[in-house]
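# Observations on the model geometry
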Amino acid sequence: MAAQNFYYECVNDEGTHLSGTIMAENEEAARAALLERDLMVLRLRHNSNAQYRALWARLTQRRVPLKEIILFSKQFRTLFNAGVPLTQLLRILQNQTENAQLRAALADIAQQVNEGKSLHAAFVSHPKIFPPLYCSMIQAGESSGALGDVLDRLTYLLAHEETVQKQIASALRYPKMVLIFMAAAFLLLLNVVIPQFVQIFKTAKIELPLPTRIAIEMNAFMAGYWWLCIGIACAAFFGIRWWLNTPTGRFWKDSLVLRLPIIGAVVQKSIMARFASIFSILQRSGVSVLDSIDILTGTLDNAAIAKEFAPIKAKLTAGQGLTEPLRSARYFSPLAINMIAVGESSGNLEKMLDELAVHYDEEVEFAVGSMTEAIGPVLLLCLVVVVLFFALAIFLPMWDMTKLARG
């Protein structure tokens, strides 16, 4: 008999409610599989629309805030270093966390560890909460027997990531607000102010200037085809969003961001700081250079730079050192390459990576400040263009009407 999909709602031995889907030949087999996992079944039914429910759950699932992950990691480190057994440790953290999504994930992780799975395998089963870097660091700590040290470094790295994200978000908050208000003002002027003058200009029997004709045509189009405008906007929004999540779209977007005059430098320096920090931590944790390249490929959050690691890994596999392959990469600065070369030749690669990370952290802080200063005039120029367009569209024909009346 072919396996069927069943939707379940259960409670574990800690009283946490869990829900999901399970594949089994029949209802009895599904119930038995859940009981083997020490789950008390509250509801179990055949789910013919499981794939749609799962898709909806993924779309509506909110990401666990980074500060929650940092707090969990600190507590995990403290309890682990105190010698608390893993299963008990996870149960304690499950009861302490206030985030329902994280609490359910910890309940499942504790259950998997109790069944004999490795900690790494249990974390990997929750990719929406724990990113590849987190899982790879857990794996490195398990394999090297230094999980406590790895958790120390992982906690530092997550805190560092949060600081950089806050810096960039703070710098972009003002430009976002200005752009939103600018778009709102544009639509207000186009759909409220311009219509007040359309009839006056049409009865004046004067040749309308180009800005006025453009504004009138735009207003007429939006008034007559507002539904089409909304449809095109929604289709463009969701279509572009879908395309940007494809490998091609993600690579195109990340490449474009790196080429932007102001933002590109900030993003590139932020990624270099992240690269140096993660690479240093992985080296200290006993991860090989080749495995570190694999981990870095999935954790730099930029497809354009991650693509550079494929030829780098091929050259490393062929027996070359790290410095020469990096020289052929497009986005690595001479400073980064030279510092890595010194560290590789002297045997102090971890130390040089730490110094490189500190340097780029300072560069990011300076670049964020420069970006904020540079974006201000650009936004002001855009605002001047919008105001000037509507000023010309309204006052040029009025000026012509005044001259006609005097004549």
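What you see is a predicted model; the values in this text were computed from it and never measured. (Residues numbered from 1 in each chain as written. Predicted model: local features only at pLDDT ≥ 70, side-chain atom pairs only at ≥ 80, totals over all residues. Heavy atoms only, no water.)

For the chain, the count of helices and strands is 18 helices and three strands. Here the C-alpha atoms of the chain give a radius of gyration of 29 Å, more than 25% beyond the 22 Å that 2.2 N^0.38 yields for 407 residues. Among the 407 residues that make up the chain, the fraction classed as buried is 39%. Nonlocal contacts in the chain, meaning residues at least 24 apart in sequence, comprise 60% of its contacts between residues at least 6 apart. Accessible area for the chain stands at about 22900 Å²; split by element, carbon and sulfur atoms hold 61% of it. Taken together, the 37 basic and 35 acidic charged side chains of the chain have centroids lying 10 Å from each other. (Helix = DSSP H or I, 4+ residues; strand = E, 2+ residues; numbered from the N terminus. Rg over C-alpha atoms; globule rule 2.2 N^0.38 Å. Buried < 20%, exposed > 50% of the residue type's maximum accessible area, 1.4 Å probe, protein only. Contact = heavy atoms within 4.5 Å. Areas by Shrake-Rupley, 256 points an atom, 1.4 Å probe, with all protein chains shown as cover. Lys, Arg positive; Asp, Glu negative; His and termini not counted. Charge placed at Lys NZ, Arg CZ, Asp CG, Glu CD.)

A few words on the nonpolar core. Ranked by internal contacts, the top residues of the largest apolar core, which has 68 residues, are Phe-123 and Phe-130. Take this core: its biggest share by element is nine residues, from helix H12 (residues 263–284). Leave out the neighbours within four places in its chain, and Phe-130 touches Ile-69, Phe-72, Leu-102, Ile-109, Phe-123 and Cys-135. Ranked by size, the runner-up nonpolar core spans 24 residues in total, among them Ala-171, Met-182, Ile-194 and Val-364. (Core = buried A, V, L, I, M, F, W, Y, C linked by side-chain atoms within 4.5 Å.)

Attention shifts here to empty space enclosed by the protein. Enumeration over the complete set of coordinates arrives at one cavity of 30 Å³ or more. Estimates place the volume of the largest cavity at around 30 Å³. Element by element, the count of residues in the lining of the largest cavity is highest for helix H8 (residues 147–203), at four residues. Taken together, the residues of the lining of the largest cavity sort by class into six nonpolar, one polar and no charged. (1 Å grid on protein atoms, 1.4 Å probe; cavity = no way out; pocket = protein on both sides within 12 Å on 5 of 7 lines; lining within 4 Å. Points joined across faces, edges and corners; volume = space filled by probe spheres on them. Nonpolar A, V, L, I, M, F, W, Y, C, P; charged D, E, K, R; others polar.)

Take the pattern of salt bridges next. Considering all chains together, one arrives at six salt bridges under this definition. Arg-31 serves as the salt-bridge partner of Glu-27, at 3.3 Å between the closest nitrogen and oxygen. Of this pair, Glu-27 and Arg-31 both sit in helix H1 (residues 27–36), four residues apart, roughly one helical turn. (Salt bridge = Lys/Arg side-chain N within 4 Å of Asp/Glu carboxyl O.)

A contiguous nonpolar patch, built from Phe-221, Tyr-225, Trp-226, Trp-227, Leu-228, Ile-230 and Ile-232 and spanning about 750 Å² of accessible area, is present on the exposed surface. Among the elements that line the nonpolar patch, the one with the most residues is helix H10 (residues 226–244), at five residues. If you trace the backbone, Tyr-225 turns up in the loop between helix H9 (210–224) and H10. (Patch = residues over 30% accessible without salt bridge, like charges linked within 9 Å, V, L, I, M, F, W, Y side chains within 5 Å.)

Attention shifts here to the packing of aromatic side chains. The relative placement of two aromatic rings is captured by the distance of their centres and the angle of their planes. Tallying each qualifying case throughout the model produces 17 aromatic pairs. Seen from their ring centres, Trp-243 and Trp-252 are 5.5 Å apart, and the 55° between their planes marks the pair as tilted. Of the residues examined, Trp-243 reaches a relative accessible area of 32% and is grouped as partly exposed. Aromatic rings pair up to connect Phe-72, Phe-76, Phe-123, Phe-130 and Tyr-134 into one cluster. The lysine or arginine in question, Lys-307, covers the ring of Phe-251, its NZ or CZ lying 4.6 Å from the ring centre. (Phe/Tyr/Trp six-rings, centres within 6.5 Å; stacked < 30°, edge-to-face > 60°. Lys NZ or Arg CZ within 6 Å of the ring centre and 35° of its normal.)

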